[in-house]
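Fold and contact review
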Amino acid sequence: MRYLTFALAKGRLAKKSLEIFEKLGITCEEMKDEKTRKLIFVNEELKLKFFLAKASDVPTYVEYGAADIGIVGSDTIIEEGRKLFEVVDLGIGKCRMCVCGPKSAKELLKHHEMIRVASKYPKIAKDYFYNKKHQTVEIIKLNGSVELAPLVGLSEVIVDIVETGSTLRENGLEVLEEICPLSARMVVNQVSMKMENERIMKLIKELKEVL
Ligand code: PRP
């Protein structure tokens, strides 16, 4: 039996995904050690390997088959647009992709004005403004702390993830429009789905049962 390899998005999601896997009897004790600098973790008994990767890289590992299975947010899956099968909604990491900004920016969205939109998700932002709203905007790609952009005058609005809403509230910003709901998904390499169909289908079935 060959190893099945899992790529997990680093951070909150990885922790929660491992908790779900534990319910299926899939454990990886080594991985829980937060101080470890190890990158790959093996469960010899079940012939499984796990690694943690930056969320935006998870779909890449899965498309190329370096991982058979990935656990990653639907925001990243949409933004990366990789060829893979999305098989299970894990129902964790629930949040929303939104257009946010100061209250005063609401008007700019109504009148289709040419505005600047900062985002870690330029594809999602572009698709929303160009294809859904038919509003021509300038999209500025940022890599984090996107809420800063309207505060310092880089952009009028942002397209970003809102979970509890506290980052917005604490910075005098609000949700102006909602783009879509998001949650963590399990994705599968297209070849692995054929070659390891039995093992992967069993895992999907068991996952759905515990969710
Ligand atoms: C995300 C997101 C928001 C925040 C939303 O950022 O980009 O900034 O969480 O959460 P809230 O609604 O619960 O406040 P993240 O913590 O991933 O870091 P980043 O700023 O580097 O993107």
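Please read all numbers here as calculations on a predicted model, not as lab measurements. (Residues numbered from 1 in each chain as written. Predicted model: local features only at pLDDT ≥ 70, side-chain atom pairs only at ≥ 80, totals over all residues. Heavy atoms only, no water.)

1. Considerations on the domain arrangement of the chain
As a reminder, the rule being used: Domain borders in the structure are assigned automatically or taken from a domain database. A contact between two residues is defined here by any heavy atoms of the two lying within 4.5 Å. The quantity reported as buried area is the accessible area (1.4 Å probe) lost by two parts once they are put together, taken as the sum for both. Put simply, a salt bridge is a Lys or Arg side-chain nitrogen that is within 4 Å of an Asp or Glu carboxyl oxygen. The definition of a polar contact used here is a pair of N or O atoms within 3.5 Å, where within protein one atom must be able to donate a hydrogen and the other to accept one, and adjacent residues in sequence count solely through side-chain atom pairs. Numbered from the N terminus, helices here are DSSP runs of H or I no shorter than four residues, and strands are runs of E no shorter than two.
The domain architecture assigned to the chain consists of domain 1 (4-93 + 183-210) and domain 2 (95-181). Each of domain 1 and domain 2 has a C-alpha centre, and the two are 30 Å apart. If you look at the interface, domain 1 gives nine residues, while domain 2 gives 10 residues. Together, the buried faces of domain 1 and domain 2 total about 710 Å²; carbon and sulfur atoms form 45% of this surface. Taken together, the connections running from domain 1 to domain 2 amount to one salt bridge. Viewed at the interface, domain 2 and domain 1 are joined by five residue pairs in polar contact (both at pLDDT 80 or more). Sorting elements by how many residues they give to the side of domain 1 that touches domain 2 places helix H4 (residues 74-80) first, with six residues.

2. Remarks on the site of the ligand
Quick reminder of the rule: Put simply, a residue is near a molecule or strand once any heavy atom of it comes within 4 Å of that molecule or strand. For accessible areas, the Shrake-Rupley method is used with a probe of radius 1.4 Å. Any residue's cover is judged against the shown protein chains and nothing else. The way it works is a 1 Å grid over only the protein atoms, where trapped points that fit a 1.4 Å probe form a cavity and open points with protein on both sides within 12 Å along at least five of seven lines form a pocket, and then any residue with an atom within 4 Å of a point lines it. Those molecules having more than half of their atoms within 2 Å of a cavity or pocket grid point set are described as sitting in that cavity or pocket. Basically, the charged four are Asp, Glu, Lys and Arg, the nonpolar ten are Ala, Val, Leu, Ile, Met, Phe, Trp, Tyr, Cys and Pro, and anything else, Gly included, counts as polar.
With respect to spatial proximity, 13 residues lie near the ligand, and among them Lys120, Glu147, Thr164, Gly165 and Thr167 are the closest. Here an oxygen atom of the ligand and a backbone polar atom of Ser145 are 2.8 Å apart. In the environment of the ligand, an oxygen atom lies 2.5 Å from a nitrogen or oxygen atom belonging to the side chain of Thr164. Against a free-state accessible area of 500 Å², the protein chains account for coverage of 71% of the ligand. Judged by the proximity of its atoms to the pocket grid, the ligand belongs to the largest pocket. Only strand S9 (157-162) and helix H8 (166-169) provide two or more residues apiece to the shell around the ligand. The element best represented in the shell around the ligand is S9, accounting for three residues. Considering only residue class, the shell around the ligand consists of two nonpolar, six polar and five charged.

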